[in-house]
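Listed below, chain by chain, are the residues.
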Amino acid sequence: MTPQATAGAPGIAGAPAFRHELYPYEGDASFLQGALSFIEDALAADETVLVAVGEDKQDMLREALDATGTDRQVSFVDTGALGRNPGRLIPAWQDWIAKTAGGGLPVRGISESPWGTATPAERGELRYHEWLLNLTFANSPAWWLLCPYDVTTVEPAALESARRCHPYRLTDALHGDNPDFADQPFSFEELSAACDPQQTLVYGAGALAAVRAAVTACATQHGLQGARLKELLVAATEVAANSVRHGGGSGRLRIWVDGDVLICEFHDSGHIRDPLAGRSRPTPDQFGGRGLWLVHQLCDLVQIRSTAESGTTVRLSTALR
């Protein structure tokens with residue numbers, strides 16, 4: 001059964017530029033039914049489709065589309081190539097949407113996050129990513145993103161967050177408004193506690209070399225070296241320099257290992273007001289604002305917590321591999 005479009009869909013008068021739609025489903029058969037109907041409707045309307053799902057779901061969709069001869073009209077992307085950092089997902093979608101919309105083609109996408117393989121820290125950032133999409137694409141060219149969630153496997157916290165940050169929902173083959181949507185600030189979870197033993201360094205102007213030395217000592221002790229170590233040092237220097245320039249002139253660095261992940265946490269008294277800081281690709285003529293973008297590209301995970309009252313904490317995670 002093909003889901004029925006409603007008056008909220010792109011291309012209809014009064015519709016928002018970006019339609020962010022939740023698709024709760026149960027099992028592979030349900031996923032395939034909803035995704036194929038969405039794709040078939042898009043192709044019938046001469047819209048282009050991008051699919052960003054796991055390899056198992058890609059294989060299912062490719063096989064089904066191949067049987068109908070429409071497989072070449074749908075593009076699949078490997079989100080694994082972006083690494084495990086959800087902070088890299090928004091610029092990837094921005095690049096693709098800009099390229100496709102620039103060709104004059106209406107756009108639809110399907111995006112399913114890797115909830116089953118993500119760590120607890122990564123799942124928290126994936127939830128934030130979903131919330132940020134509404135802000136990111138509020139003034140973008142019109143496009144429609146369907147976000148499937150398997151209610152039999154996705155953790156309750158992620159499902160609850162999804163219900164609150166998707167303005168639209170696909171239910172019982174009908175596209176419509178989501179009554180659970182809440183247009184409210186994102187509610188962050190507390191960062192996990194630091195593991196012992198940990199190293200601590202208070203730094204200020206002129207102490208960036210000491211920051212790099214502390215990170216190097218801990219990283220090499222746990223086998224991190226070569227290009228991966230160099231990338232971490234660049235990221236650590238950027239964050240520490242931001243503390244000196246924008247965070248009150250000083251900061252505190254803590255370093256520890258949690259399992260097979262090296263964590264460098266920076267705290268200062270500054271406040272990052274832009275929720276998209278570091279998650280949008282800088283323009284060639286942009287002045288400043290490149291540091292956190294670079295940090296997202298270099299680290300396996302970046303977690304930022306910032307309020308005017310408590311200051312800013314930036315936690316960098318690097319897998320020890």
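The structure we're discussing is the one just above.
These numbers come from a predicted model, not from an experiment. (Residues numbered from 1 in each chain as written. Predicted model: local features only at pLDDT ≥ 70, side-chain atom pairs only at ≥ 80, totals over all residues. Heavy atoms only, no water.)

*Asks:* Go over the packing of aromatic side chains, please, and point to the residues and values.
*Replies:* One pass over the full model with this rule turns up 15 aromatic pairs. Between Phe 18 and Phe 137 the ring centres are 5.4 Å apart and the planes differ by 50°, which places this aromatic pair in the tilted class. One end of the pair, Phe 18, is in strand β1 (residues 18-25); the other, Phe 137, is in the loop between α4 (120-136) and β5 (143-150), with 119 residues separating them in the sequence. Ring centres of Trp 115 and Tyr 149 lie 5.6 Å apart, and the angle between their planes is 35°; this geometry places the pair in the tilted category. (Phe/Tyr/Trp six-rings, centres within 6.5 Å; stacked < 30°, edge-to-face > 60°. Helix = DSSP H or I, 4+ residues; strand = E, 2+ residues; numbered from the N terminus.)

*Asks:* Before we move on, could you go through a negative patch on the surface and cite the residues and values that matter?
*Replies:* A contiguous patch of negative charge, built from Asp 28, Glu 55, Asp 56, Asp 59, Glu 63, Asp 66 and Asp 78, is present on the exposed surface. Per-element accounting of the negative patch gives the leading share, 5 residues, to helix α2 (residues 55-68). (Patch = residues over 30% accessible without salt bridge, like charges linked within 9 Å, V, L, I, M, F, W, Y side chains within 5 Å. Areas by Shrake-Rupley, 256 points an atom, 1.4 Å probe, with all protein chains shown as cover. Salt bridge = Lys/Arg side-chain N within 4 Å of Asp/Glu carboxyl O. Lys, Arg positive; Asp, Glu negative; His and termini not counted. Charge placed at Lys NZ, Arg CZ, Asp CG, Glu CD.)

*Asks:* Account for unusual backbone geometry, with residues named and values stated.
*Replies:* Following Asp 196, the chain continues to Pro 197 via a peptide bond in cis, the omega torsion being -5°. Note on placement: Pro 197 falls in the loop between β7 (174-177) and β8 (199-204). A positive phi angle, close to 65°, is found at Ala 173, a residue other than glycine. Ala 173 sits in the buried class, given a relative accessible area of 19%. (Buried < 20%, exposed > 50% of the residue type's maximum accessible area, 1.4 Å probe, protein only.)

*Asks:* Could you give an account of α4, with specific residues and numbers?
*Replies:* Over its 17 residues, α4 extends 24 Å from the first C-alpha to the last, a length consistent with the 24 Å expected when each residue adds 1.5 Å. Most of α4 is tucked away, with 12 of its 17 residues classed as buried. Among all positions in α4, only Glu 122, Arg 123, Gly 124, Glu 125, Leu 126, Arg 127, Tyr 128, His 129, Glu 130, Leu 132, Leu 133 and Thr 136 are buried. (Expected span 1.5 Å × (residues − 1).)

*Asks:* Explain the state of the cysteines residue by residue, including any values.
*Replies:* For the coordinates displayed, the defined rule picks out 0 disulfides. Cysteine Cys 147 shares no disulfide, and the gap to the nearest cysteine sulfur, in Cys 165, comes to 7.7 Å. Judged by relative accessible area, which is 1%, Cys 147 ranks as buried. Its sulfur unpaired, Cys 218 is 7.1 Å from the next cysteine sulfur, which belongs to Cys 264. (Disulfide = S-S within 2.5 Å.)

*Asks:* If you had to explain the sheet that holds β7 to someone new, which residues and values would you point to?
*Replies:* Read across the open sheet, the 7 strands follow the order β3-β2-β4-β5-β1-β6-β7; overall the sheet is mixed. Two strands lie at the open edges of the sheet, namely β3 (74-76) and β7, each paired on one side alone. In this sheet, neighbouring strand axes are inclined to one another by 25° on average, regardless of whether the strands run parallel or antiparallel. Strand direction decides the pairing type here: β1 and strand β6 (residues 168-171), joined by 2 bridges, are parallel. Each bridged residue has a counterpart across the sheet, and for Leu 22 the counterpart in β6 is Arg 169. Together, β1, β2 (48-52) and β3 form the strand contacts of α2, whose direction differs from that of β3 by roughly 160°. (Pairing = 2+ DSSP bridges. Axes fitted to C-alpha atoms, helices over the stretch in contact; angles between N-to-C directions. Contact = heavy atoms within 4.5 Å.)

*Asks:* Tell me about the packing of helix α7 (residues 226-246) against helix α8 (residues 291-298), and name the residues and values.
*Replies:* For the pair α7 and α8, the least separation of the axes is 9 Å and the interaxial angle reads 150°. The orientation of α7 relative to α8 falls into the category roughly antiparallel. For the pair α7 and α8, the sense of crossing is left-handed. Facing Glu 231, Val 234, Ala 235, Glu 238, Val 239 and Asn 242 of α7, the residues of α8 in contact are Gly 291, Leu 292, Leu 294, Val 295 and Leu 298. Along the lines of polarity and charge, the residues of the contact of α7 with α8 split into 7 nonpolar, 2 polar and 2 charged. (Parallel < 35°, antiparallel > 145°, perpendicular 65-115°, else oblique. Left-handed = near helix turned anticlockwise from the far one by under 90°. Nonpolar A, V, L, I, M, F, W, Y, C, P; charged D, E, K, R; others polar.)

*Asks:* I'd like to hear about the pairing of β7, residue by residue, with values.
*Replies:* In terms of strand pairing, β6 meets β7 through 4 bridges, oriented antiparallel. Paired with Leu 170 across the two strands is His 175, which belongs to β7. Hairpin geometry of β6 and β7 is characterised by an intervening segment of 2 residues between the two adjacent antiparallel strands and by a positive phi of about 50° at Asp 172.

*Asks:* Please provide a residue-by-residue account of the pattern of salt bridges, values included.
*Replies:* According to the stated counting rule, one finds 15 salt bridges in the structure shown. The closest approach of N and O atoms between Arg 108 and Glu 47, which form a salt bridge, is 2.5 Å. Of this pair, Arg 108 sits in strand β4 (residues 107-111) while Glu 47 sits in the loop between α1 (27-44) and β2; the two residues are 61 residues apart in sequence, bridging distant segments of the chain. According to the relative accessible area criterion, Arg 108 is buried, its value standing at 7%. For the salt bridge of Glu 265 with Arg 254, the shortest nitrogen-to-oxygen distance reads 2.8 Å. Residue Glu 265 is found in strand β10 (residues 261-268), and its partner Arg 254 is found in strand β9 (residues 250-258); the two are separated by 11 residues along the sequence. Neither Glu 265 nor Arg 254 differs from the other in exposure class; each is buried.

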